[in-house]
Amino acid sequence: MIANSSLVEWIVSLFVTLQPHETSCLIHSASSFFFILSAYFVVLPLRDEGAISLGLENLPSLFVGSLILTLVAAPVSSLVFALPNLSKQKALVFIHRFFSLSLVTFFILWLSSTSVSSHSEVKELIPMNVTTKLELKFTVNQTAPHDSVSIKSYGLYYFVVRTGFFLWVALLNLITISSTWARITDVMDNESGLRLFGFIGAGATLGQLCGSLFATAMAWFGPYLLVVAALLLEFAAQTSKGIKKEIPNHVEELSPLRKADTSHHCETNEENVTSPNASSPRTSTTMGKPQFWAIFDGPRLILSSSYLMKVALFLWLSAIVSSFFYFQKITVVASSVASPVDRRRTFAQINSLIAFFILGGQFTVTGRILTLVGVTTAICSTPSVGFINLIALAVWPSWITVAISETLRKVVTYVVTRPAREILFTVVSQDEKYKAKVCIDVIVQRLGDATSAAIYKLFFTTLNGNTSAISLYALPVCFLWIVVAFYLGRHYAEISMSKRLSKTQN
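Only a predicted model underlies this, so the values are computations on that prediction, with no experimental measurement involved.

### Examining the overall build of the protein
Next up, step 1: Secondary structure assignment for the protein yields 20 helices and 0 strands.
Next up, step 2: The burial tally for the protein puts 54% of its 506 residues in the buried class.
Next up, step 3: Across the protein, contacts joining residues at least 24 apart in sequence account for 87% of those joining residues at least 6 apart.
Next up, step 4: Of the roughly 22,200 Å² of accessible surface on the protein, a fraction of 67% belongs to carbon and sulfur atoms.

Shown next as C-alpha cells:
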C-alpha cells in the first residue's frame, strides 16, 4: 500500500536515523497510528455531545461504566492474540476491523434512536465542541436546562445508545493503540525503538490534529462522522498489515551489536524450523492450555514478573498524576476565566500549542534524545517535570501557569517519556507484549484515572478547593513516581544488557 522507494527513505531519513530495511515497517506503523487517532478525534465531539444529552449528572456513572467495560474487554483482546490459528498480524487487523464495523453499527443505532427534536438539539450542541468532561461539571449551573435530560425525555433506547457509544469510544481508543504498540514492540528491538518510536508517535499526533480539524470543519455531518471514522479504522487495518519484521539484505547495514542480533535471530529461526518443540516454556504452556483461560494470562504474567510489576506501577502512578493535573487545570481555569466561551477558547489554545510542539519534537529530536540520554533518564523526565509543575501551581495558581506547565509536561511526556515507555516492552517475551502489555495499558490506565478522581475529590472537599494546598499534597505521589521510574529504568538496563551479552556469546 505504501511504496518503499528511495524517495520515501530519503524523506524519512531527514527526521530519523534509518536503516533501509526499516523503512516499510516504520511508515506503516506511523500511518496506522495516524488513522487510529484521526478516527478517534473525528468521533470525539459526537461522543461528548451525546454525553451532554444524557445529562451532566450522569457523567460520574459513565466513568465507572468505562472502568467496568475495560476490565471485561482487555482480557478478551488478549484472547484474540492467543488464538492458535490466527497470526499476530492478522489478529491486529481483526481488532481494527472489528472496531470499524462497530462504528457502523453505532451509526445505524444512532440514527434509529434520534427523534426530530433531538436532531435540533444535536445541531445546537455540536458547535460547542466541548473540550473536556470536567469543564461541563463546572459550567453545569450556567447550562440551559434542556442540556440535562432524563430517560423519560427521549426514551430508554436513546439513553442506552448514547451511553453505549460513550463507553465504546473510550474502549476503542485504548485497545487499538495498545494492540498496535504491542505489535510494533514485537517486530522492533530496543535499538530501533530508541531511533524510531518518536517518528511513529508523530504519526499519532498528526492524526490527532487532522481528526480534530476535520471534526471541527464538518461538525454538521453529525452521526455521519461515524462512517468517516469507520473508514479511517479500515485504513488503519490495511496499513497494520505492513507492520512486520524485515530482515536486512546486507549485514553491513547493521551496527556490530545488531549483527550479532541478526546472527542469533537466524540461528533461532533454524532451530524453530528443525525443532517445533524448542519454544520457551512460557509459550508452550500458553499453547497447551484451553484457549479460554488465555484471558487471564495478562494479569498472571504481570504478577509473575517483578519487571512488569514495576512497569504497571509506573503507569498507574503516571495515570494518577496526569489525571490530577487535568483536574487542577480545569479547576484553575474555571476559577480564573469567567465566561464558558473564554474557557473553551483557553483550552483550545493550550491544546493547539501543545500539539504543535509535540509534533515538531517527535519528528526532529525524540530519536536523538533517547539515543543520547537513554531510557532511564527519559522515563524519569516527565515525573521530574511534574514535580516542578506542582510546586509552580502551588505558588502561582493562575491559568498562565497552567498553560506553561501543561505545555512543558505534555511535550516532555510525548516527545521523550512515552516513546521510552514503549521501549520498555522490547525486552520482554512475545506473550508479555501481546497479553501483559494490553492489560497494563488498558486496565491499569483506567484504574489510575479512577484512583486520581477519588484522591482529588477527597483533597478538594477536605481543603475547600484550595488549589495551592492540593498541589502540595500531591507532591509525595509525584516523588514516588520518580523513584519507581528510576528503579524501573535500572531494571530495564539490566535486562537489556543481559540480552546483549547472551546474543554476543551465542
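### Notes on the packing of aromatic side chains
Next up, step 1: Using the criterion set out here, one finds 16 aromatic pairs in the structure.
Next up, step 2: Here Phe 34 and Phe 35 contribute two aromatic rings whose centre-to-centre distance is 5.4 Å and whose plane-to-plane angle is 75°, an arrangement assigned as edge-to-face.
Next up, step 3: Residue Phe 34 is classed as partly exposed on the basis of its relative accessible area of 22%.
Next up, step 4: Seen from their ring centres, Trp 110 and Phe 165 are 5.4 Å apart, and the 80° between their planes marks the pair as edge-to-face. Of this pair, Trp 110 sits in helix H4 (residues 88-113) while Phe 165 sits in helix H8 (residues 156-187), and the two are 55 residues apart along the sequence. In this pair, the class of Trp 110 matches that of Phe 165, namely buried.

### As for the packing of helix H16 (residues 366-395) against helix H20 (residues 475-505)
Two numbers describe a pair of packed helices, the interaxial angle and the distance between the axes.
Next up, step 1: Viewed as axis vectors pointing N to C, H16 and H20 meet at an angle of 175°, and their least axial separation amounts to 8 Å. As judged from the angle between their axes, H16 and H20 are roughly antiparallel. Taking contact as the criterion, the partners of Val 375, Thr 376, Ile 379, Cys 380, Thr 382, Pro 383, Ser 384, Gly 386, Phe 387, Leu 390 and Ile 391 in H16 are, on H20, Leu 475, Cys 478, Phe 479, Trp 481, Ile 482, Ala 485, Phe 486, Leu 488, Gly 489, Arg 490 and Tyr 492.
Next up, step 2: Across the contact of H16 with H20, the residue classes break down as 16 nonpolar, 5 polar and 1 charged.

### A look at the environment of Tyr 487
Next up, step 1: Relative to the assigned elements, Tyr 487 resides in helix H20.
Next up, step 2: For Tyr 487, a relative accessible area of 51% corresponds to the exposed category.
Next up, step 3: With 107 residues separating them in the primary sequence, Tyr 487 and Cys 380 have C-alpha atoms 9.7 Å apart.

### What to know about a nonpolar patch on the surface
Next up, step 1: Taken together, the side chains of Val 64, Ile 68, Leu 71, Val 72 and Val 76 make up a nonpolar region of the molecular surface, amounting to roughly 430 Å² of accessible area.
Next up, step 2: Its place among the elements puts Val 76 in helix H3 (residues 59-82).

### Here's the deal with helix H17 (residues 399-423)
Next up, step 1: In this model, H17 (25 residues) spans 34 Å end to end at C-alpha, consistent with the 36 Å of a helix rising 1.5 Å per residue.
Next up, step 2: At Thr 413, H17 shows its maximal bend, which comes to roughly 45°.
Next up, step 3: Within H17, 18 of the 25 residues are buried, which leaves it mostly tucked inside the rest of the structure.

### Here's the deal with the nonpolar core
Next up, step 1: Counting 109 residues, the largest nonpolar core has Phe 33, Phe 165, Leu 226 and Tyr 307 as its most contacted members.
Next up, step 2: Per element, the largest residue contribution to this core is 15 residues, and it comes from helix H2 (residues 23-54).
Next up, step 3: Setting aside residues up to four positions removed in sequence, Phe 165 forms contacts with Val 43, Leu 46, Arg 47, Leu 103, Phe 106, Trp 110 and Leu 226.

### Things to note about the packing of H4 against H8
Next up, step 1: Running from N to C, H4 and H8 cross one another at 165°; their axes reach a closest spacing of 10 Å. If you check the angle between H4 and H8, you find them roughly antiparallel. Remark: the crossing between H4 and H8 carries left-handed chirality.
Next up, step 2: The residue makeup of the contact of H4 with H8, split by class, is 15 nonpolar, 9 polar and 3 charged.

### A few points about the side chain of Ser 113
Next up, step 1: In this fold, Ser 113 is placed in helix H4.
Next up, step 2: A polar contact is formed between the side chain of Ser 113 and the side chain of Arg 162, at a distance of 2.5 Å.
Next up, step 3: Residues in contact with Ser 113, not counting those within four places in the same chain, are Tyr 157, Tyr 158, Val 161 and Arg 162.

### Here we look at the confidence of the model for the protein
Next up, step 1: For the protein, the average pLDDT comes to 75, and 72% of its residues sit at 70 or higher.
Next up, step 2: Counted against residues more than four places away or in other chains, residues 116-149, with its pLDDT under 50, gives 68 contacts.
Next up, step 3: Predicted confidence is poor over residues 251-290, with pLDDT under 50, and the contacts of this stretch with residues over four places away or in other chains come to 41 contacts.

### Notes on the side chain of Glu 422
Next up, step 1: Within the secondary structure, Glu 422 is located in helix H17.
Next up, step 2: Those residues in contact with Glu 422 that lie beyond four places of it in its chain are Trp 181, Thr 185, Phe 197 and Lys 437.

### Comments concerning the environment of Val 43
Next up, step 1: Tracing the sequence through the fold places Val 43 in helix H2.
Next up, step 2: Judged by its relative accessible area of 3%, Val 43 falls in the buried class.
Next up, step 3: In sequence terms Val 43 and Tyr 224 are 181 residues apart; their C-alpha atoms lie 9.5 Å from each other.
Next up, step 4: In this structure Val 43 touches Phe 165, Val 169, Leu 225, Leu 226 and Ala 229, once residues within four positions along its chain are discounted.

About the criteria used
- Residues numbered from 1 in each chain as written.
- Predicted model: local features only at pLDDT ≥ 70, side-chain atom pairs only at ≥ 80, totals over all residues.
- Heavy atoms only, no water.
- Helix = DSSP H or I, 4+ residues; strand = E, 2+ residues; numbered from the N terminus.
- Buried < 20%, exposed > 50% of the residue type's maximum accessible area, 1.4 Å probe, protein only.
- Contact = heavy atoms within 4.5 Å.
- Areas by Shrake-Rupley, 256 points an atom, 1.4 Å probe, with all protein chains shown as cover.
- Phe/Tyr/Trp six-rings, centres within 6.5 Å; stacked < 30°, edge-to-face > 60°.
- Axes fitted to C-alpha atoms, helices over the stretch in contact; angles between N-to-C directions.
- Parallel < 35°, antiparallel > 145°, perpendicular 65-115°, else oblique.
- Nonpolar A, V, L, I, M, F, W, Y, C, P; charged D, E, K, R; others polar.
- Patch = residues over 30% accessible without salt bridge, like charges linked within 9 Å, V, L, I, M, F, W, Y side chains within 5 Å.
- Salt bridge = Lys/Arg side-chain N within 4 Å of Asp/Glu carboxyl O.
- Expected span 1.5 Å × (residues − 1).
- Bend = angle between axes of the 7 residues up to and from the residue.
- Core = buried A, V, L, I, M, F, W, Y, C linked by side-chain atoms within 4.5 Å.
- Left-handed = near helix turned anticlockwise from the far one by under 90°.
- Polar contact = N/O pair within 3.5 Å; in protein donor to acceptor, adjacent residues only side chain to side chain.
- pLDDT = per-residue confidence, 0-100.

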